[in-house]
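Chains, contacts and geometry: an overview
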Amino acid sequence: MKNILAIQSHVVYGHAGNAAAEFPMRRMGANVWPLNTVQFSNHTQYGQWTGTVMPAEHLTDIVQGIAAIDRLKTCDAVLSGYLGSAEQGEKILDIVQQVKAANPDAWYFCDPVMGHPEKGCIVAPGVAEFHCQVSLPASDIVAPNLLELEMLSGRTINDLDEAIEASRSLIDKGPKVVLVKHLSRAGLRSDQFEMLLVTKHEALHIQRPLIDFGVRQPVGVGDLTSGLLLVNLLQGKSHLQALEHITAAVYGVMLKTHSMGEYELQLVAAQDEIATPSHHFRAISKVTI
Ligand SMILES: Nc1ncnc2c1ncn2[C@@H]1O[C@H](COP(=O)(O)OP(=O)(O)O)[C@@H](O)[C@H]1O
Ligand SMILES: Cc1ncc(COP(=O)(O)O)c(C=O)c1O
Ligand SMILES: [Mg+2]
């Protein structure tokens, strides 16, 4: 059984951050240690919320407690996502070092969640800079969306080739695997949801149909996708198998959410789709060097 220290947001109502990833990762058979960077009433794309950003020291304090009972050595991966402040980022990097000292085989999976003004995703000042300068070189796996890939690489990306090149420029700085979560305008087709999984020597492309949610697209999809990729890879799946599984699983969740007429992801209702998806999509190798 793999153990994942998952450091990201928690929302009490609905699904984003740990509230989007924790149950699906457990449903896949992983142990999750949720450590919340914020506790908000709901995700920020409602435009209003209540709650608290945890003091950065809170993260260190909790991990100290786990170290004190000598369990840190059993941690197989640190996953980080939505941060409440840039100061939290610095503490997470200390935690990653501490976990790797206790278990040299542990991975750091960074979902570099940045603000997205158009979508209404609000993230604290300094977080985007933190990811560009600090978390990227420290990560083993990074899972940006298109905007985040542009920020991390300092490039404008218009098509698949440019997305692969930008991903490789990240790989030159540290991570071994880059998952581009939604190619959107840089993809091949406007009616498809497309992802890329890039390593130094491979580039896998996959697509699934976009579902029409109108203007209110569900939030937490990226957090769900990242969590599922991490579990697949920890469980020893190949990059191709992992990419195909997460594509089908997330599609199943989106279809269920749409058919129930809901805005929040219907993770409990769609749990069997997460474990054993009923659709299948094939990943295609784009470049092999
Ligand atoms: N099959 C689908 N049909 C319609 N929208 C989708 C589908 N899958 C994902 N989405 C939407 O695509 C977006 C994915 O966002 P993206 O920017 O790639 O990552 P993140 O969720 O990390 O911000 C979300 O708004 C999500 O609701
Ligand atoms: C509190 C919180 N956590 C996480 C996210 C990230 O969600 P996504 O998976 O859509 O990137 C958001 C997006 O608005 C958010 O408000
Ligand atoms: Mg995201």
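Residues numbered from 1 in each chain as written. Chains lettered and ligands numbered in written order. Predicted model: local features only at pLDDT ≥ 70, side-chain atom pairs only at ≥ 80, totals over all residues. Heavy atoms only, no water.

Per an unreviewed UniProt entry, the protein chain carries the name Pyridoxal kinase PdxY and comes from Rosenbergiella gaditana. Turning to the protein chain, the UniProt annotation filed under Function (unreviewed entry) states: "Pyridoxal kinase involved in the salvage pathway of pyridoxal 5'-phosphate (PLP). Catalyzes the phosphorylation of pyridoxal to PLP." Of the protein chain, the UniProt comment under Cofactor (unreviewed entry) reads exactly: "Mg(2+)". (UniProt positions renumbered as here; feature names shortened; annotations may be inferred.)

**Some thoughts on the overall build of the protein chain**
Broken down by element type, the protein chain carries nine helices and ten strands. Relative to the compact-globule value of 19 Å for 289 residues, the protein chain shows a C-alpha radius of gyration of 18 Å, a close match. The principal-axis extents of the C-alpha atoms in the protein chain amount to approximately 50 × 45 × 35 Å. Looking at the protein chain as a whole, 55% of its 289 residues are labelled buried. Total accessible area computed for the protein chain in this model is approximately 12200 Å², and 52% of it derives from carbon and sulfur atoms. (Helix = DSSP H or I, 4+ residues; strand = E, 2+ residues; numbered from the N terminus. Rg over C-alpha atoms; globule rule 2.2 N^0.38 Å. Buried < 20%, exposed > 50% of the residue type's maximum accessible area, 1.4 Å probe, protein only. Areas by Shrake-Rupley, 256 points an atom, 1.4 Å probe, with all protein chains shown as cover.)

**Points about the site of ligand 1**
For ligand 1, the set of nearby residues contains 15 residues, the closest of which are Lys119, His182, Arg208, Ile211 and Pro218. Separating a nitrogen atom of ligand 1 from a side-chain N or O atom of Arg208 is a distance of 2.8 Å. Between ligand 1 and Ile211 there is a distance of 2.6 Å, counted from a nitrogen atom to a backbone nitrogen or oxygen. Burial of ligand 1 by the protein chains amounts to 91% of its free accessible area of 560 Å². Elements with a contribution of two residues or more to the shell around ligand 1: strand S9 (202-209) and helix H7 (221-234). For the shell around ligand 1, a count of residues per class yields eight nonpolar, four polar and three charged. (Near = heavy atom within 4 Å. Polar contact = N/O pair within 3.5 Å; in protein donor to acceptor, adjacent residues only side chain to side chain. Nonpolar A, V, L, I, M, F, W, Y, C, P; charged D, E, K, R; others polar.)

**Topic: the site of ligand 2**
Near ligand 2, the surroundings consist of 13 residues, among which Ser9, Thr44, Gln45, Gly220 and Asp223 are the closest. Ser9 places a side-chain nitrogen or oxygen 2.7 Å from a nitrogen atom of ligand 2. The separation between an oxygen atom of ligand 2 and a polar side-chain atom of Asp223 is 2.9 Å. If one sorts the elements of the shell around ligand 2 by residue count, H7 sits on top with three residues. Residue composition of the shell around ligand 2, grouped by class: five nonpolar, seven polar and one charged.

**Observations regarding the UniProt feature "domain: Pyridoxamine kinase/Phosphomethylpyrimidine kinase" (unreviewed entry) in the protein chain**
Mapped onto the present numbering, the UniProt feature "domain: Pyridoxamine kinase/Phosphomethylpyrimidine kinase" (unreviewed entry) falls at residues 74-262. Spanning residues 74-262, this segment combines 44% helix with 15% strand, and its end C-alpha atoms are found 38 Å apart.

**With respect to the environment of Ile95**
Inspection of the secondary structure assignment puts Ile95 in helix H3 (residues 86-102). Note: C-alpha distance between Ile95 and Leu5 (90 residues apart in sequence) is 9.9 Å. If we skip the residues at most four places from it in the chain, Ile95 touches Leu5, Ile7, Leu59, Thr60 and Val63. (Contact = heavy atoms within 4.5 Å.)

**Some remarks on the UniProt feature "binding site: ATP" (unreviewed entry) in the protein chain**
Summarizing the sequence annotation, UniProt attributes the feature "binding site: ATP" (unreviewed entry) to Asp111, Ala143, Glu148, Lys181, Arg208, Pro209, Leu210 and Ile211 in the numbering used throughout. The largest pairwise C-alpha distance within this set of annotated residues, which runs over 101 residues, is 23.7 Å, so the set is dispersed in three dimensions. Mapped onto the elements of the fold, Arg208 is located in strand S9. Overall, the relative accessible area of 4% leaves Arg208 in the buried class. Once you skip the residues sitting within four places of it in the chain, Arg208 turns out to touch Gln192, Phe193, Thr247, Val250, Tyr251, Met254 and Phe281. Relative to the helices and strands, Leu210 is located in the loop between S9 and H7. Residue classification places Leu210 among the partly exposed positions, given a relative accessible area of 39%.

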